[in-house]
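Chains, contacts and geometry: an overview
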Amino acid sequence: MPNRAKQFLTRLRSFFQRDQLDRDLNDELSFHISQRSEKNRAAGMDDAGARHAANRQLGNATQIKEHTRRLRTFSAFEDALQDLRYGARMLRKSPGFALIAIATLALGIGVNAAIFSVVKAVLLDSLPYRQPQRLVTVGRGSDDDRNPTNVSFGEVNDWKSHELPFEQISLYQGWTPAATGDGTPRMVYGLRVTQNFFDTLGVAPGVGRNFAPEEDRPDRWRVAVLSYPYWVRQFAADKNAIGKMILLDQVPFQIIGILPPDFKSLSFDDAGSPPDVWAPLGYDMSVDDACRTCQHLHAVARLRDGVSISKARAEMGTIESQVVREFPNDYPEHAKVSIQSLRDTW
């Protein structure tokens, strides 16, 4: 590191002391030519022949100086400055052309920026849900963390004993059951979700119905909602599939709904592919995996109308502090809640 710093300082000094650098190079080349001339004279050459031979042996002095100068200064920066100076001279010679070129560039940059802003807002930032600006992710972490850690069912249950800034909060986790409808097991990508998951997103099945609250229990969660592509592939888009049974991990699930063809699921990394099957999470506080320290679930919430993300963060900070005081053995002393716009984490 000291050598790099020394090289940087040397180049910086040479860049700002260009005349001194040129004088030093000229002196150094003159010295080498003089030394070689002395050797040539000692070998029997006359003065003119010795100096001519010395110049030939040394090589092109201009190229040597240019190469050395590029090694001892910031050559790329110097090239850019030269290009800018050349461009400025050309523009001064043709002011009319300069004005047209500048106006064309400004117009092109402005149009591109405007188009990108529209495309970003409409296509890139838009989410296929009702009032997507009110959707947020919730998890352990800080407000600066765009990838907060998971939450537990027990922790969210503790939050619900307080007045939350959310209209709804739902939980989900990745699920990869083996489907054996035709006798050949095939892994299916899916999600286990709380019964209000689709309501939170503002999505309703295109065929059939959503999960009912009584189906989101440890002994009642054997019902399924299918994606539109999976319904087409496995049931040829037959509406009579509603009410039929499918085997997932050798357990029969009743099909109760089909999602719309334009539905796009939350991105999830558990299985690495868009889900085709949704089933209720089926938790209550009697389930072992529902403990406060079982941080394996993801949370998505819909803000109350008129509640900003900053206000939600402040309110959840107060609620989390109260929960930590109520259950000090289950939560870290400085536990924090991270709330991020779903659009930013999409």
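Read on for an overview of the structure. (Residues numbered from 1 in each chain as written. Predicted model: local features only at pLDDT ≥ 70, side-chain atom pairs only at ≥ 80, totals over all residues. Heavy atoms only, no water.)

1. Some points on the environment of V323
Summarising the element assignment, V323 is placed in helix α10 (residues 309-326). Along the backbone, V323 and S161 are 162 residues apart, and their C-alpha atoms lie at a distance of 9.5 Å. For V323, the contacting residues outside a window of four places in its chain are D158, W159, H162 and Y331. (Helix = DSSP H or I, 4+ residues; strand = E, 2+ residues; numbered from the N terminus. Contact = heavy atoms within 4.5 Å.)

2. Here we look at α10
Its 18 residues place the ends of α10 25 Å apart at the C-alpha level, agreeing with the 26 Å of an ideal helix rising 1.5 Å per residue. On its buried side, α10 packs onto β1 (135-140), α7 (153-159), β2 (166-175), β11 (298-303) and β12 (337-341). (Expected span 1.5 Å × (residues − 1).)

3. Focus: a positive patch on the surface
Together, R85, R89, R92 and K93 line one region of the surface with positive charge. Tracing the backbone through its elements, the reader meets K93 in helix α5 (residues 75-93). (Patch = residues over 30% accessible without salt bridge, like charges linked within 9 Å, V, L, I, M, F, W, Y side chains within 5 Å. Areas by Shrake-Rupley, 256 points an atom, 1.4 Å probe, with all protein chains shown as cover. Salt bridge = Lys/Arg side-chain N within 4 Å of Asp/Glu carboxyl O. Lys, Arg positive; Asp, Glu negative; His and termini not counted. Charge placed at Lys NZ, Arg CZ, Asp CG, Glu CD.)

4. Examining the state of the cysteines
Enumeration according to the criterion identifies one disulfide in this entry. What pairs with C291 in a disulfide is C294, and their sulfur atoms sit 1.8 Å apart. Judged by the sign of its S-S torsion, about 90 degrees, the cystine formed by C291 and C294 is right-handed. Look at C294 and you get buried, because its relative accessible area is 16%. (Disulfide = S-S within 2.5 Å. Buried < 20%, exposed > 50% of the residue type's maximum accessible area, 1.4 Å probe, protein only.)

5. A word on the pairing of strand β10 (residues 277-280)
Residues of β10 alternate between two faces, with V277 and A279 on one and W278 and P280 on the opposite face, all of them buried. Relative to β10, strand β5 (residues 190-193) runs parallel, the two sharing four bridges. Pairing of V193 across the sheet is with P280, part of β10. In the sheet, strand β7 (residues 223-226) pairs with β10 via two bridges, with the strands oriented antiparallel. Looking across to β10, one finds that V225 is bridged to W278. (Pairing = 2+ DSSP bridges.)

6. What about the pairing of β5?
Note on strand geometry: in a regular strand, side chains alternate between the two faces of the sheet. Burial along β5 is two-sided: the face carrying G190 and R192 and the face carrying L191 and V193 are both buried. Examined bridge by bridge, β2 and β5 share four bridges and lie antiparallel to one another. Bridge pairing in β5 links G174 to L191.

7. Points about the side chain of T200
Position of T200 relative to the elements: it lies in helix α8 (residues 197-201). Overall, T200 belongs to the buried group, its relative accessible area being 0%.

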